[in-house]
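Now for the letters of each chain:
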Amino acid sequence: MATRIDPPLALLAELTHRCPLACPYCSNPVNLERAAGELSEQDWRRVLAEAAALGVLQVHFSGGEPMARRDLLALIGAANGLGLYSNLITSGTLGGAHEIEAFAAAGLKHVQLSFQDFAAENGDRIAGLKGAHVRKKHFAEAVRAAGLPLTLNMVVHRQNLDGVPDMIEMALELGARRIEIAHVQYYAWALRNRAALLPTRRQLDRATEAVEAARAKLKGVLTIDYVVPDYHGVRPKSCMSGWGRQFLNVTPSGTAVPCHAAETLPGIAFPSVRSSSLADIWYDSDAFNRFRGTAWMAEPCRSCDRRELDWGGCRCQAFLLAGDAGRTDPVCALSPDHGVVAAALQEAEAAPPALVYRRYGAAR
Amino acid sequence: MDRFVVSDASVLAFAPHIVFRFDEVRKRWIILAPERLMLPDEQAVEILQLVDGKTGVSAIVDSLAARYNQAPRELIAKDVTAMLQDLADKGCLAGGNPD
């Protein structure tokens, strides 16, 4: 490594894979961790303390559904006491006003609440849980009543994308200051369901137009973060702003990874927080150094003038689509493997197959 | 909710849940916001240190103009207002409570 590595900015604390929802694009791995394999409260307290000492500024409590953990309130308090800026990423289907008020009092700074659509019926269908949408709306009200800032997270795909203008309207009604409209990224469960989820180009262009119009109209009122599906792009996304450059993710069982999909990469021994300190993991582990910088790159990345902008795109996507994590991300039009992406886009023009829902044991 | 428009007469405060603090690890001032980190430059830090929910924008400009007496007040006012408006649009600043 020629370049000096800066400390990480953020820790994604995936407290559990347990979740009442069964979204078919879940970013959790296809082999879900069970409760018995999860880190203890004491383990997480140590991880939070090590993260703060390392220079982490923000902690995102996520899952699964993090509210399935009984010690969440204690962990929020611990993070706040360490000066970590804490964010709760939730489905809003477990608990309500009582819990949110306690979280706010413990120092929680922000809530990111997911919705599966603006319309209750389709939202519940995608979530695989009846009554979820109504519960989420009540949860949003509780967040605002507790005085916490709210972001709505809308994961979009071909089965809800046409509702983007209504989703933005719903965010305003619920008092959110920010909405994240993020296209499904095709890993884990989403890759299983890709043919049912990838939008057509026409659909995507309409949604993008709606976002741009709303952004102009709602400047200073509602921030709209928009993540486009990289399959439709020409250059890859700068995944995680580069491998091991800003983010650190700890899974429910304590494995430290540079992103939530990295565990799918073969031949890399990802370290565990049970046996290594976060500082050793960040600076010295083989796993975090594997794709840092540009020395690992092959052509066409190696000589590309975007190599320190895109960082070669996504390592997981390179493995999943081209069979080798060291290749150029196939969504890049310069990649020799780009044909597989074109074929997937072709597939998106056909009628969608049935969804495979996220469940324990549904993998095989 | 309407957009907060910053003028000479505005009084601003950091919005609730926005943290403006010195980071001992990086040895620099930072702004922590929901799922967002901002690294204000030296000039912005100087302005933000005067944002207290009581001091008006015109008074902030006055105190900066006194510090940098070679720069015209008008130019300072323009820069300060633009910087504060940008942070208000990002939800980091809101109206304060003047005495």
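To start, this report covers the structure provided alongside it. Since we're looking at a predicted model, the values are computed, not measured.

Moving on to the overall build of chain B. Regarding its fold elements, chain B presents three helices and five strands. Reading the secondary structure of chain B in the N-to-C direction produces β-β-β-β-α-α-α-β. At 13 Å, chain B has a C-alpha radius of gyration in line with the 13 Å of a compact globule built from 99 residues. Looking at chain B residue by residue over its 99 residues, the buried ones come to 22%. Long-range contacts, defined as pairs at least 24 residues apart, comprise 65% of the intrachain contacts of chain B with a sequence gap of at least 6.

Attention shifts here to unusual backbone geometry. Residues and elements named next belong to chain A. Residue Gly 64 follows Gly 63 across a cis peptide bond; omega there is 10 degrees. Relative to the assigned elements, Gly 64 resides in the loop between β2 (58–62) and α2 (72–81). Despite not being glycine, Met 240 has its phi angle at roughly 55 degrees, a positive value. Here Met 240 is to be found in the loop between β7 (223–227) and β8 (247–250). Taking the C-beta count within 10 Å as the criterion, Met 240 has 21 such neighbours and is therefore assigned buried. Positive phi, close to 55 degrees, is recorded for Trp 311, a residue that is not glycine. With respect to the secondary-structure elements, Trp 311 resides in the loop between α12 (307–310) and α13 (315–322).

Across a sheet, paired strands are connected by hydrogen bonds in the backbone, their directions being either parallel or antiparallel. All names here are of chain B. Overall, antiparallel pairing links the three strands, which are arranged β2-β3-β4 in an open sheet. A strand with exactly one partner marks an edge of an open sheet, and here the two such strands are β2 (19–23) and β4 (36–38). Across the sheet, the mean angle from the axis of one strand to that of its neighbour is 30 degrees, orientation sign disregarded. Here β2 pairs with strand β3 (residues 28–33) via five bridges, running antiparallel. Bridge assignment links Phe 20 to a residue of β3, and that residue is Ile 31.

This part is about the interface of chain B and chain A. Each partner contributes residues to the interface: chain B has 19 residues there, and chain A has 20 residues. Among the elements of the structure, β2, β3 and α3 (73–89) of chain B are those that each provide at least two residues to the side of chain B that touches chain A. Residue classes in the side of chain B that touches chain A are distributed as ten nonpolar, two polar and seven charged.

To continue, consider the packing of helix α2 (residues 57–67) of chain B against α3(B). Residues and elements named next belong to chain B. At a closest axis distance of 9 Å, the pairing of α2 and α3 adopts a crossing angle of 130 degrees. Here α2 lies oblique to α3, going by the angle between them. Relative to α3, the crossing made by α2 is right-handed. Packed against α2, whose contacting residues are Val 57, Ile 60, Val 61, Leu 64 and Ala 65, the element α3 presents Arg 73, Ile 76, Ala 77, Val 80, Thr 81 and Leu 84 at the interface. Its residues assigned to classes, the contact of α2 with α3 shows nine nonpolar, one polar and one charged.

Residue and element names in this part refer to chain A. If you trace the backbone, Ala 52 turns up in helix α1 (residues 41–54). What makes Ala 52 buried here is the crowd of 20 C-beta atoms within 10 Å. Note: C-alpha distance between Ala 52 and Leu 84 (32 residues apart in sequence) is 6.6 Å. Sequence-distant contacts of Ala 52, defined by excluding residues within four places in its chain, comprise Leu 82, Gly 83 and Leu 84.

Here we come to the sheet that holds strand β1 (residues 10–14) of chain A. Residues and elements named next belong to chain A. Spatial ordering of the open sheet is given by β7-β6-β5-β4-β3-β2-β1-β8-β9, a layout of nine strands whose pairing is mixed. In the strand order of this sheet, the two ends are held by β7 and β9 (256–257), each with one partner. Summarising the sheet, β8 and β9 pair through two bridges and their orientation is antiparallel. Its bridge partner being in β9, Val 250 is matched across the sheet by Ala 256.

A separate point is α13(A). Across the eight residues of α13(A), six count as buried, placing the element largely inside the fold. All buried positions along α13(A) are accounted for by Arg315(A), Cys316(A), Gln317(A), Ala318(A), Phe319(A) and Leu321(A).

Analysis parameters
Residues numbered from 1 in each chain as written. Chains lettered and ligands numbered in written order. Predicted model: local features only at pLDDT ≥ 70, side-chain atom pairs only at ≥ 80, totals over all residues. Helix = DSSP H or I, 4+ residues; strand = E, 2+ residues; numbered from the N terminus. Rg over C-alpha atoms; globule rule 2.2 N^0.38 Å. Buried ≥ 20, exposed ≤ 12 C-beta atoms within 10 Å, placed from the backbone. Contact = placed C-beta atoms within 7 Å. Pairing = 2+ DSSP bridges. Axes fitted to C-alpha atoms, helices over the stretch in contact; angles between N-to-C directions. Nonpolar A, V, L, I, M, F, W, Y, C, P; charged D, E, K, R; others polar. Parallel < 35°, antiparallel > 145°, perpendicular 65-115°, else oblique. Left-handed = near helix turned anticlockwise from the far one by under 90°.

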